[in-house]
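Listed below are the residues making up each chain.
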Amino acid sequence: MPWKRQKQWQERLGRSKTILWEKLREALASVVPITVIVLILSFTVAPIPPETLLAFLIGAVMVILGIGLFSLGADTAMTPIGERVGAAMTRSRKLWVVAAVGFLIGVIVTVSEPDLQVLAQQVPGVPNATLVGAVAVGVGIFLVIAMLRILFRIPLNRMLIVFYILVFTLALFVPEDFLAIAFDSGGVTTGPMTVPFIMALGVGVASIRSDENAAQDSFGLVALCSVGPILAVMVLALIYPGAGVYTPVEIPSVADSRALWHLFQVELPAYLSEVAVCLAPIALFFAIFQVVSLKLKKKMVFRVLMKT
């Protein structure tokens, strides 16, 4: 019945609006305190030019909108994809399938993390693609190790002790400029893109086991995966020993509001293209997995793509 479809569409639209408003309120709660602190400092101890302050306020509004939309897409699209991929992957019951798909997911999802893109720009001595690729490979390898730990019932504390001994031993040979970058890179595994996939894979792999400790062993994947980026950046530091010096970001100077608008007009398409490039691997992976294994209905696929 047409009226039933219209009613269902209106209900879905209402739920989407409610979720979007909740995400925007979360973004407001995160960004507004920082904005207020910057405003207080700019009018007291650290005055800044009016054009820079205006650019900051416009940027704060864009950050709120961006975080809200990003959180909406991550919760309503990325999490369902991760859960379905994890369930489909573990149904095969083949170790090499779990390892190969786990590595691919670790690499692809890490490349899409926005905080990793920001970190790469702070290290101009190393090409962005090289740093992003090294961190992504580190996450992929340790995601496989974490899943194998679940399957072979290896205690988490032992693995963390062994790998962190390796981290601190390697830190003795790494230039000091790279140490902060290496440990900061571990935070990429706690991003909104990576966590849904990692947690879903952990639950899926644990479901292969039928013992009573399987659910408990599904925890700890994020902690173990965080070691991968640290080791990867430390190895990268041995290849680029003098490239870890931090270079402050230059704030562009604008004469008036027209120049400020032109600045945003020029940079916005560039950032949108970067986002598209980062999300393209996930979209391609989902498309291949949809054809090979998932076989979701068209409505579900369309809904996921729209929210992504």
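None of the values given here were measured: they were computed from a predicted structure.

Chemist: Teacher, can you tell me more about helix α5 (residues 128-152) here?
Modeler: Given 3.6 residues to a turn, an α-helix orients residues that are three or four positions apart in the same direction. Spanning 25 residues, α5 covers 36 Å between terminal C-alpha atoms, matching the ideal 36 Å at 1.5 Å per step. Where α5 terminates, the next one or two residues include arginine 153, which has phi positive at roughly 60 degrees.

Chemist: What am I meant to see in the packing of helix α6 (residues 156-171) against helix α11 (residues 227-239) here?
Modeler: To characterise two packed helices, one gives the angle between the axes of the helices and the distance between these axes. In the contact formed by α6 and α11, the axes pass within 10 Å of each other and the chain directions differ by 25 degrees. Taken together, the axes of α6 and α11 are roughly parallel relative to one another. α6 and α11 meet at a crossing whose hand is left-handed. Residues Phe163, Tyr164, Leu166, Val167, Leu170 and Ala171 of α6 pack against Val227, Ile230, Leu231, Met234, Val235 and Leu238 of α11. In the contact of α6 with α11, the residues fall into 12 nonpolar, no polar and no charged.

Chemist: Would you mind going over the confidence of the model for the chain with me for this structure?
Modeler: Any region with low pLDDT has predicted coordinates that should not be read closely. Put simply, the chain has an average pLDDT of 80, and 81% of its residues get 70 or more. Ranking the elements of the chain by mean pLDDT puts helix α13 (residues 298-307) last with 62 and α6 first with 93.

Chemist: Sorry if this is basic, but what is going on with the packing of aromatic side chains here?
Modeler: In the structure shown here, the tally under the stated rule is 3 aromatic pairs. Taken together, a centroid distance of 6.3 Å and an interplanar angle of 35 degrees make the contact between tyrosine 164 and phenylalanine 168 tilted. Of this pair, tyrosine 164 and phenylalanine 168 both sit in helix α6, separated by 4 residues, roughly a single helical turn. Residue tyrosine 164 is classed as partly exposed on the basis of its relative accessible area, which comes to 26%. Here the aromatic cluster, defined as three or more aromatic residues joined through ring pairs, consists of Tyr164, Phe168 and Phe183.

Chemist: I'm lost on the nonpolar core in this one. Help?
Modeler: Buried together is how nonpolar side chains tend to be arranged in soluble globular proteins. Membership of the largest hydrophobic core comes to 59 residues, with the highest contact counts inside it found for Met89, Ile105, Leu131, Met147 and Met234. Sorting elements by how many residues they give to this core places α5 first, with 10 residues. The residues contacting leucine 131, other than those within four sequence positions of it, are Leu119, Ala120, Val123, Val126, Val233 and Leu236.

Chemist: Please explain the environment of leucine 41 as it appears in this structure.
Modeler: If you trace the backbone, leucine 41 turns up in helix α1 (residues 2-42). With residues near it in sequence (within four places) discarded, leucine 41 still touches Ala46 and Pro47.

Chemist: Teacher, can you tell me more about the pattern of salt bridges here?
Modeler: Any two side chains of opposite charge can pair, so long as their charged atoms come close to each other. A complete count under the given rule lists 1 salt bridge for this structure. One salt bridge connects lysine 23 with glutamate 26, and the closest N-O pair in it is separated by 3.9 Å. Of this pair, lysine 23 and glutamate 26 both sit in helix α1, 3 residues apart, roughly one helical turn. Taking the relative accessible area as the measure of exposure, glutamate 26 reaches 44% and is therefore partly exposed.

Chemist: For this particular structure, what's the right way to read a nonpolar patch on the surface?
Modeler: Taken together, the side chains of Leu54, Ile58, Met62, Leu268 and Leu272 define a hydrophobic patch exposed on the protein surface, amounting to about 410 Å² of accessible area. Breaking the nonpolar patch down by element, the ones donating at least two residues are α2 (50-91) and α12 (257-294). Here the nonpolar patch gets 3 residues from one element, more than from any other, and that element is α2. For leucine 268, the position within the fold is in helix α12.

Rules used throughout
Residues numbered from 1 in each chain as written. Predicted model: local features only at pLDDT ≥ 70, side-chain atom pairs only at ≥ 80, totals over all residues. Heavy atoms only, no water. Helix = DSSP H or I, 4+ residues; strand = E, 2+ residues; numbered from the N terminus. Expected span 1.5 Å × (residues − 1). Axes fitted to C-alpha atoms, helices over the stretch in contact; angles between N-to-C directions. Parallel < 35°, antiparallel > 145°, perpendicular 65-115°, else oblique. Left-handed = near helix turned anticlockwise from the far one by under 90°. Contact = heavy atoms within 4.5 Å. Nonpolar A, V, L, I, M, F, W, Y, C, P; charged D, E, K, R; others polar. pLDDT = per-residue confidence, 0-100. Phe/Tyr/Trp six-rings, centres within 6.5 Å; stacked < 30°, edge-to-face > 60°. Buried < 20%, exposed > 50% of the residue type's maximum accessible area, 1.4 Å probe, protein only. Core = buried A, V, L, I, M, F, W, Y, C linked by side-chain atoms within 4.5 Å. Salt bridge = Lys/Arg side-chain N within 4 Å of Asp/Glu carboxyl O. Patch = residues over 30% accessible without salt bridge, like charges linked within 9 Å, V, L, I, M, F, W, Y side chains within 5 Å. Areas by Shrake-Rupley, 256 points an atom, 1.4 Å probe, with all protein chains shown as cover.

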